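Descriptive structure summary
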Amino acid sequence: MSEKIKLKINELKQKINEWNLSYYEQQISPVDDSEFDKTLSELILLETEFPQYLTSDSPTQKVGGSFDLNFNKYTHKTPMLSLSNAFNEDDLKTFDNQIKKELGNKKYTYFVEPKIDGLSISLIYKNTKLHKAITRGDGVVGEDVSQNVKMITSIPKTIADNSDYFEVRGEVYLSKNEFERINSERFRQGEKLFANPRNAAAGTLRQLDSQIVKERNLDAWIYFLMNKENFTTHQSSLEALSGFGFMVNPLGTQANDINGVIEVIKSISNQREDLEYEIDGIVIKVNEFDHYDSIGYTSKFPKWAIAYKFPAEIKTTKLLDIFPTIGRTGKVTYNAKLKPVKLAGTTVGAATLHNASFIIDREVRIGSDVRVKKAGDIIPEVISVIKDEKYETLPVWVESTNCPDCNSELQRIEPEVDQFCVSDNCVRRIIRGLEHFVSRDAQNIEGLSIKLIEKFHEKKYVNNVADIFKLSNHKSELIKLDKMGERSVDNLLSSIDSSKNKSLEKLLFGLGIRHVGKKSAFILSKKYRTMDSIMLLSEIELSEIRDIGPTVAKSVCDWFKVEKNISMINELKSMNINLEYKPAMEEKTNEQITHRTFVITGTLSKSRNYYKDLLISYGANVANSVSKNTDYLLAGEEAGSKLDKATKLGVRIINEEELFNIIN
Ligand code: IVH
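Residues numbered from 1 in each chain as written. Predicted model: local features only at pLDDT ≥ 70, side-chain atom pairs only at ≥ 80, totals over all residues. Heavy atoms only, no water.

1. Quick look at the sheet that holds strand β21 (residues 632-635)
The condition that has to hold: Pairing between two strands requires that DSSP report at least two bridges joining them. The helix count covers DSSP runs of H or I at least four residues long, the strand count covers runs of E at least two residues long, and both are numbered beginning at the N terminus. Here an axis means a line fitted to C-alpha atoms, over the contact stretch when the element is a helix, while the angle between two N-to-C directions is reported on a 0 to 180 degree scale. Only heavy atoms matter for contacts: two residues are in contact if any of them lie within 4.5 Å across the pair.
The parallel open sheet is built from 4 strands, whose spatial order is β20-β19-β21-β22. The open sheet has two free edges, formed respectively by β20 (621-623) and β22 (652-654), since each of these has just one partner strand. Going from strand to strand, the sheet's axes swing by 30° on average, the running direction of each strand aside. Bridging between β21 and β22 involves 3 bridges; their strand directions are parallel. By the bridge assignment, Leu633 is partnered in β22 with Ile653. On top of the sheet, helix α24 (residues 608-617) reaches β19 (597-601), β20 and β21; it is set at about 170° to β19, its chief contact. In this fold helix α26 (residues 656-663) packs onto β19, β21 and β22, with an angle of close to 100° to the strand it touches most, β22.

2. Structural notes on the nonpolar core
Spelled out, the test is: Residues belong to one nonpolar core when they are buried, are Ala, Val, Leu, Ile, Met, Phe, Trp, Tyr or Cys, and are joined through side-chain atoms within 4.5 Å. For the exposure calls, accessible area comes from a 1.4 Å probe over protein chains only, and a residue counts as buried if that area is under 20% of its type's maximum, exposed if over 50%, partly exposed in between.
Counting residues in each nonpolar core, the largest one holds 54 residues, and the members touching the most others are Leu448, Phe456, Ile468, Leu511 and Met531. Contacts of Ile468, omitting those with residues within four sequence positions, involve Leu434, Phe437, Val438, Ile445, Leu448, Val462 and Ile496. The next biggest cluster of nonpolar side chains, apart from the first, holds 35 residues, and it includes Ile116, Ile262, Val286 and Trp304.

3. Looking at the site of the ligand
Put simply, the rule is: In these notes, residues near a molecule or strand are those with any non-hydrogen atom within 4 Å of it. In protein, a polar contact means a hydrogen-donor-capable atom and an acceptor-capable atom, both N or O and within 3.5 Å, with residues adjacent in sequence counting only if both atoms are side-chain atoms; elsewhere, any N or O pair within 3.5 Å suffices. Only the protein chains shown count as cover for residues, with accessible areas throughout obtained via the Shrake-Rupley method and a probe of 1.4 Å.
Residues in close proximity to the ligand total 14 residues, the closest being Glu113, Ile116, Arg136, Glu171 and Tyr223. Measuring from an oxygen atom of the ligand, one finds a side-chain N or O atom of Lys115 at 3.2 Å. Here Tyr223 contributes a side-chain N or O atom positioned 3.3 Å from an oxygen atom of the ligand. For the ligand, the protein covers 89% of the area, taking 530 Å² as the surface of the free molecule. Put simply, the parts of the chain that give the shell around the ligand at least two residues each are β3 (110-116) and β10 (279-286). It is β3 that contributes the most residues to the shell around the ligand, 4 residues altogether.

4. As for the environment of Val168
One can find Val168 in strand β7 (residues 166-173). Taking relative accessible area as the criterion, Val168 reaches 0% and is therefore assigned buried. When the C-alpha atoms of Val168 and Val385 are compared, they prove to be 47 Å apart, with 217 residues separating the residues in sequence. Contact partners of Val168, with chain neighbours within four places excluded, come to Ile121, Ser122, Leu123, Tyr125, Ile222, Phe224, Leu225, Leu241 and Phe246.

5. Remarks on the pairing of β21
To keep it simple, the criterion reads: With the strands aimed away from the viewer, a crossover counts as right-handed if its path from the first strand over the helix to the second runs clockwise.
Where burial is concerned, the two faces of β21 agree: the one with Tyr632 and Leu634 and the one with Leu633 and Ala635 are both buried. Relative to β21, β19 is paired through 4 bridges, and the arrangement is parallel. In the sheet register, Val599 faces β21, and the bridge partner there is Leu633. Traced from β21 through helix α25 (residues 641-649) to β22, the parallel crossover comes out right-handed.

6. Points about the pattern of salt bridges
The cut-off we apply is this: When a carboxyl oxygen of Asp or Glu is within 4 Å of a side-chain nitrogen of Lys or Arg, the pair counts as a salt bridge.
In this structure the tally under the stated criterion is 24 salt bridges. Here Lys390 ties to Asp369 by a salt bridge, and the two come within 3.4 Å at their closest N and O atoms. Taken together, the residues Lys390 in helix α12 (residues 389-392) and Asp369 in strand β15 (residues 369-373) connect sequence positions 21 residues apart. Using a relative accessible area of 32% as the deciding quantity, one classes Lys390 as partly exposed. One salt bridge in this structure joins Lys470 and Glu571, with 2.3 Å as the shortest N-O distance. Of this pair, Lys470 sits in the loop between α15 (465-468) and α16 (475-480) while Glu571 sits in helix α23 (residues 563-574), and the two are 101 residues apart along the sequence. Classification of Lys470 by relative accessible area gives partly exposed; the value is 25%. Shared partners join several salt bridges into a network, and the residues in it are Arg440, Asp441 and Lys518.

This is how it looks when you write it as C-alpha cells:
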C-alpha cells in the first residue's frame, strides 16, 4: 500500500514538474489550468495524508513564478499565499467539515466573493501615501512594480489612514472590453495577440514603459486587508477599504453556512458571462478574523479559505477543415476551422489540434462534430470527436507530407512526435524566426511587427537576424514604403539601435535555438558570460550544467555546428552587437553573501532550488559539497554528513531565518 502511494506521489510530482518546466522554459502550457489544478490538488491531498512522503523538492513546496531582471525584488513582510482548490460541492463540504473540526462549537460564517482572473498585488501605504506595489513573485519575494501601479487610476494614491505601515492585497486585471480593444489594436499593428485578459494584464504590469501602462486602463479589485487589528470580520474590513476609496467587488456576500455558500456560488456563477471582467472561480473565506490563527495555515495556503474553480466550458460544433501552420522552429501545428460557436465569453472559429498523432489518436475527421474546450489560451483545443452515423461516412484524415508554405518534405526529428519543415529557405520559418527575435522577451524591438517583417523580407532587406541591424542602410527605401514615413522609420531604427546593447541572454533566446527558452538562455549566459565561450562548449559540458539537460545541450551544440549560424554570429560581432552577459543594474549585492560560497543541506521549508536561485541572485556561489572553501552551510532539519563536516571545518552554519536576516 505505502509503496503504491509513494509511486503515485512520484508520478504526480513528475507530471507537474514536467508541465512547470515546459511552462517556464518554453512558455507552453501542455495542459489546461483545471487539469493542472486537479493534479496539484491530488498531490497536496496525498502529501497531507502521508506527510512521510513530502519532500522539499516537491512542486507543492514552491509557488511557480518567474522574475524579470528589470524590476527590483522585494521580500513580502508576510508571504503572499495561494489558495487550495475545490472543484465540486463535496470538496466544499470537506472544507467546511475541516473548519468545524478546528473550531469545535465556536460560531463562524463565511464570506463569498468572485475569484478575479488577474494578478495578485500587494499595496503598501506609509503615512497615507502609496509607498510600494509588489507582485506576488514566488510568494516570498515579489517584484516592485510601483511605477506601473501608480498609473492605475482606480488604486488610491493617498488614503485616510495615517499608520506607518498599511498593506492591502488585491487583483490587478483588465476588463474584457479593454482586452478586446488592446488585441484589436495589436492585430492592426500585426503584433502578437494576448491569449487572455490575465496574460495581457501581466504583460502590462511588467512593461518597462509606464506610459503604455497608462494607456491600457488596468483596474484592481482589493480583497484583503493585512492590518486587520481594528476589525472583527473580513466583511467589515472590506467595507472600510471601500470607504478609503479602494475598489471592492460588489458581489461579495456573507453566508451563514456551507449551504448558503453554495447558493451564493450558484448566483455568482449565473452572472459570470455578463461581468465586465473574467473570473475563474469563487473564493470562500471564513468571515471572522478571530478564527484565522486557530484554523491555521499550511506553507502554501491559509486553511480558512478555499477557491472553488469553475470547470472548463465544453461545446460541440462542426469541424469544417484541418489546416497545418509552420512555427519559428519549423514545427507543424494542425488547426481546426470550426463552425463558429460561443465558448466562455467569446466566439470561437478555430481550435488547435496540435500534431498529427493528436488527430490520429482521436480519429478526428473533417466534417465531423467535435467537442472544444478553452484551455486558457486564445485558441481552444479540440478534445474529442462525436462518432455518430454521419461520422462513419467521412473519409479518414491523413497527415500532410509537405510544408504548406515551401512545399519541402516534412520530417520527424526523433524523439519528437511533431513534424518539422527543415528547409532553411522556408519563408514562413524565416518570418516566424525574425518575429521571435524582435519579440519582447528577446531583443524587444518595438515597432517591428510581423507585417513589416513580411514586407522587408519580400523586398529582400532582411533574411536573417543580422540583417535587422542593417536596415538603416535601406532608410530611404523604408521611408518610401506605404504607411512608413520618416518619423516611424526613425523610431524603428532607433529601437533597433538601442537593442544592440541588450544582455546576451536576450539575444541567445532570440536566436530561436530549439528547446532554448528564456531560462536556459539565462543560465548559459550568466554562467559563461560571452557568446564565444558558449559556442565552444561541448555537448557533454553543456549537459553537465545544472538545469540544462541533454535535449537543450544537443540542440545548442548542433546549432553552433552549422556554418551559416556561425557566420551570422560573426556578422553580429562585426556590427558591434553586444554578445556579452550584462548583469542587470538591479542585481543585488550583500556584503555577507556576494562572492561567498554556500552549501545547502537538510529539509528546508522551501526547495533547495529556491534558495540556490536566491543566493545566485546575490552573486553567491552555491556548491554541492562542504570544503574549506565553504563560507556558509545553509542547514535545514535532518541535516546529515554535510553538517558534521561543516562543524569539523568550522564553517559558519545558518538556518533559513538567519539567511533572511542577513538579506534584510
Ligand atoms: S484571497 C490569503 N480573494 O487567487 C488570501 N484571492 O489562487 C489569499 N484571487 O493568489 C487570496 N480573487 O491572486 C483572494 N477574491 C479573492 C481573489 C483572490 C482572485 C487570486 C489571488 C490568489 C489566487 C489564489
